[in-house]
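Residue strings, one per chain:
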Amino acid sequence: MRIAICDDSAHDSQFIQELVTQWAHSREVPVQTMCFSSAERFLFHYAQDKGFDLLLLDVEMGVMDGVTMAKRIRREDQAVQIIFITGYSDYIAEGYEVAALHYLMKPVSGEKLFRALDRALEKQRQDERCLNLELSGEMVRIPFYEIRYLDVSKNYVTVHAGSDHCIKRSLGELEKTLDERFFRAGRSLILNLKYIRRVTKTQVHLSDGTVLALPRGAYEPLNRAIILHT
């Protein structure tokens, strides 16, 4: 697991890094950490190296705050996990916009950080799961975390991920291979819950701007699934 710690306080950054090292040792998980003293320094590095699994971001930094930085990252990376560290609770609502995994209030306790890191590790392991499809005579592996939704047109299912894949299989057959992050909404639609940003009685709005019609009767079950999933 590659973890970036971004905090303009050298003392806080070192403290978090020491806790992460303790957690990694206790869980027997190989971890590489890198520390950055500002959002700008991280983004400069990130332009050349996007291979981070988890970001531990201080919210209150200098010119660019942690939330603004996270929004920039989310424009191109939906997979990296984000944990905010803040001294104020005012920013928590903004975390929903970038699908933050967790908020930690300062001063950070080792126990709470360990629990958050446990969640991040479990999510990473889940994200390693893939949907295997045979397309044009070859096997294509699509990570679950890349799949936004699946829908049906005539006898074909389209898997909407990094790119769209159209296959002649039933939606029910594919549903059996997916996990709890996916929700079956009616006869012709399966949604990845983590991509949902807003739900109305008739529509589902995804984080990439896609708006889908919500089948009748799916509104309340979908909202329950979102609450349970988060």
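Quick note: structure is the one above.
Here is what the cut-offs are and how they apply
- Residues numbered from 1 in each chain as written.
- Predicted model: local features only at pLDDT ≥ 70, side-chain atom pairs only at ≥ 80, totals over all residues.
- Heavy atoms only, no water.
- Salt bridge = Lys/Arg side-chain N within 4 Å of Asp/Glu carboxyl O.
- Helix = DSSP H or I, 4+ residues; strand = E, 2+ residues; numbered from the N terminus.
- Buried < 20%, exposed > 50% of the residue type's maximum accessible area, 1.4 Å probe, protein only.
- Polar contact = N/O pair within 3.5 Å; in protein donor to acceptor, adjacent residues only side chain to side chain.
- Contact = heavy atoms within 4.5 Å.

**Thoughts on the pattern of salt bridges**
- Scanning the entire structure with this criterion turns up 10 salt bridges.
- For R148, the salt bridge goes to D208, with nearest N and O atoms at 2.7 Å. Of this pair, R148 sits in the loop between β7 (138–143) and β8 (149–153) while D208 sits in the loop between β14 (203–206) and β15 (211–213), and the two are 60 residues apart along the sequence.
- Since its relative accessible area comes to 41%, D208 is described here as partly exposed.
- Among the ionic contacts, a cluster of salt bridges with common partners joins D7, D12, D58 and K106.

**Digging into the side chain of D58**
- Along the polypeptide, D58 turns up in strand β3 (residues 54–58).
- Classification of D58 as buried rests on a relative accessible area of 2%.
- Here K106 takes part through its side chain, which lies 3.2 Å from a polar atom of the side chain of D58.
- With sequence-adjacent residues up to four places away left out, D58 is seen in contact with C6, D7, D8, G66, I85 and K106.

**Some remarks on the side chain of H205**
- Take H205: it is sitting in strand β14.
- Note on H205: relative accessible area 16%, which makes it buried.
- In terms of polar contacts, H205 uses its side chain to reach the side chain of Q203, at 3.5 Å.

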